[in-house]
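Close look at the chain arrangement
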Amino acid sequence: MMLGILYAKGAGDSSVKPDYGKALDWLQNAAKAGNKEAAAYYNEAYLFVDTRTPRSEGEQEAAIESLRELARQGVPHAEVVLGEWSRRKAIATKDKASRLKLYRDAADRWRKAKGPREWRACYYLGSLYERGLLNEDGKPTQNDLNEAKALYKEGADNEDLVCMFNLGRFIW
């Protein structure tokens, strides 16, 4: 699984360039071997990272359904990916009530995922608090910077680099 993630992101020292084909192959092999976390990462890469091949609506829905099943089985990263899917759908939708429901779904999923090895959920949830959660009209409410900072700190304390960066913005 880690090789798949490495190929998806590339190595920081440029010794490994991103190769989405290899990333998907490694993640898929790990998923087929029964690694549920790898299956969540595979579906994430399939939906968001490997954009060279356009996905049909049916293919996207199959990946989302696989993530829903993994979430039902308690895989935290599946909740993170489903939350990001909801957030992206919320941005794209014009219907304010649907947008609000999708943002709330994203926040709920990130709250569930927050914990061991899924500290990125602290970043996603913190960013919603920082920008302001949405009200019934689909407009941002007053933001809650204290809650955002607390979430970024929680993620930073657990070595999530994005949370460290965002916490640094509050301290600076």
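Everything below is about the structure printed above this text.
Reference entry: report on the structure contained in this document. What you see is a predicted model, and the numbers here were worked out from it, not measured in a lab.

**Here's the deal with the nonpolar core**
Formed by 20 residues in total, the largest nonpolar core has its most connected members in Ala40, Leu47, Ile64, Leu67, Leu70 and Ala78. The set of elements that each furnish at least two residues to this core consists of helix H2 (20–32), helix H3 (36–49), helix H4 (57–72) and helix H5 (76–92). Per element, the largest residue contribution to this core is eight residues, and it comes from H3. The residues contacting Leu47, other than those within four sequence positions of it, are Gln60, Ala63, Ile64, Leu67 and Trp85. One finds Trp110, Cys122, Tyr124 and Leu125 within the second-largest nonpolar core, a separate group that totals 15 residues.

**Overview of the pattern of salt bridges**
Under the defined criterion, the tally for this structure stands at six salt bridges. Residue Arg72 is joined to Glu65 by a salt bridge in which the shortest nitrogen-to-oxygen separation is 3.0 Å. On the basis of relative accessible area, Glu65 is assigned to the partly exposed category, the value being 35%. Glu69 is the salt-bridge partner of Arg72, the closest N and O atoms lying 3.1 Å from each other. Separated by three residues within a single helix, Arg72 and Glu69 lie in helix H4, roughly one turn from each other. Through salt bridges with shared partners, one network takes in Glu61, Glu65, Arg68, Glu69 and Arg72.

**Describing the packing of aromatic side chains**
Under the criterion given, the structure shown has two aromatic pairs. Centre to centre, the rings of Tyr123 and Tyr152 are 6.4 Å apart; their planes meet at 25°, and the pair counts as stacked. Of the two residues, Tyr123 sits in helix H7 (residues 120–131) while Tyr152 sits in helix H8 (residues 145–157), which places them 29 residues apart along the sequence. By relative accessible area, which is 1% here, Tyr152 ends up buried. Each ring, one from Tyr152 and one from Phe170, has its centre 5.8 Å from the other, and the planes form 50°; the classification is tilted. One end of the pair, Tyr152, is in helix H8; the other, Phe170, is in helix H9 (residues 161–171), with 18 residues separating them in the sequence. Overall, the relative accessible area of 27% leaves Phe170 in the partly exposed class. Cluster of aromatic residues (ring-pair linked, three or more members): Tyr123, Tyr152 and Phe170.

Here is what the cut-offs are and how they apply
Residues numbered from 1 in each chain as written. Predicted model: local features only at pLDDT ≥ 70, side-chain atom pairs only at ≥ 80, totals over all residues. Heavy atoms only, no water. Core = buried A, V, L, I, M, F, W, Y, C linked by side-chain atoms within 4.5 Å. Buried < 20%, exposed > 50% of the residue type's maximum accessible area, 1.4 Å probe, protein only. Helix = DSSP H or I, 4+ residues; strand = E, 2+ residues; numbered from the N terminus. Contact = heavy atoms within 4.5 Å. Salt bridge = Lys/Arg side-chain N within 4 Å of Asp/Glu carboxyl O. Phe/Tyr/Trp six-rings, centres within 6.5 Å; stacked < 30°, edge-to-face > 60°.

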